[in-house]
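# Topology and contacts: notes
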Amino acid sequence: MSPDRILTFGEFRLDPVSGHLYRGSEIVPLAPKAFSLLQFLAGQSGRLVSKQELLSAVWPGVFVGDAVLKSTIRELRKALADDSHQPRFIETAHRRGYRFVAPLSQIDPPPAAIADAPRVSYARSGNVNIAYQVVGSGPIDLVFVMGWVSHLEYFWN
């Protein structure tokens, strides 16, 4: 599956360009890692994905345990109104992993949506990772610092 394609399942639309999950026209609030986990699982639709593969894909290079995966799956189920005992979207294979079970369809994002979204770039200064965006052009540069922990894609909304 193309990483820029919008995925639709049930009453939901997962838009990787905007970084949002929609129910109809309403945005369903999701933490960034929950969004990434849903995007990864949906991209592997129908396939059992091991816990280790999910941890490596969503939390690369970070030591986290099964508890963070379980709590993120719980967050997704709550956002999707999914029942772990009768799943419509995410099925649990106990002690092995998870499977995205809903029928999916893909649509290409509208070209304007890609052009309007500022591209996020990354830089490293010592042990600090910095995300930044360049918007427009002009005679002076303006730097906006949001806070210690922030998410650029959410800022634009």
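The structure displayed is predicted, hence computed values, not measured ones.

## Some thoughts on the packing of aromatic side chains
What the rule picks out here adds up to four aromatic pairs. Aromatic side chains Phe-9 and Phe-89 sit 5.5 Å apart centroid to centroid with 70° between the ring planes, which places their arrangement in the edge-to-face category. Highlighted residues: Phe-9 in strand β1 (residues 6-9) and Phe-89 in the loop between α3 (66-80) and β6 (90-93), separated in sequence by 80 residues. Residue classification places Phe-9 among the buried residues on the basis of a relative accessible area of 1%. Residue classification places Phe-89 among the buried positions, given a relative accessible area of 2%.

## As for helix α1 (residues 32-43)
When the terminal C-alpha atoms of α1 are compared, their 16 Å separation across twelve residues agrees well with the 16 Å that a helix rising 1.5 Å per residue should span. Every buried residue of α1 is accounted for by Ala-34, Phe-35, Leu-37, Leu-38, Leu-41 and Ala-42. Each buried residue of α1 lies within a common arc of 165° when the element is viewed along its axis, so the set occupies one face.

## Some remarks on the packing of α1 against α3
The geometry of a pair of packed helices is captured by two quantities: the angle between their axes and the separation between those axes. Where α1 meets α3, the closest approach of the two axes is 9 Å, and the angle between their N-to-C directions is 80°. Judged by the inter-axis angle, α1 sits roughly perpendicular to α3. Contact with α1, carried on its side by Lys-33, Ala-34, Leu-37, Leu-38 and Leu-41, involves Leu-69, Thr-72, Ile-73, Glu-75, Leu-76 and Leu-80 of α3 and no other residues of that element. Looking at the contact of α1 with α3 residue by residue, the classes come out as eight nonpolar, one polar and two charged.

Thresholds applied
Residues numbered from 1 in each chain as written. Predicted model: local features only at pLDDT ≥ 70, side-chain atom pairs only at ≥ 80, totals over all residues. Heavy atoms only, no water. Phe/Tyr/Trp six-rings, centres within 6.5 Å; stacked < 30°, edge-to-face > 60°. Helix = DSSP H or I, 4+ residues; strand = E, 2+ residues; numbered from the N terminus. Buried < 20%, exposed > 50% of the residue type's maximum accessible area, 1.4 Å probe, protein only. Expected span 1.5 Å × (residues − 1). Arc of directions from axis to C-beta. Axes fitted to C-alpha atoms, helices over the stretch in contact; angles between N-to-C directions. Parallel < 35°, antiparallel > 145°, perpendicular 65-115°, else oblique. Contact = heavy atoms within 4.5 Å. Nonpolar A, V, L, I, M, F, W, Y, C, P; charged D, E, K, R; others polar.

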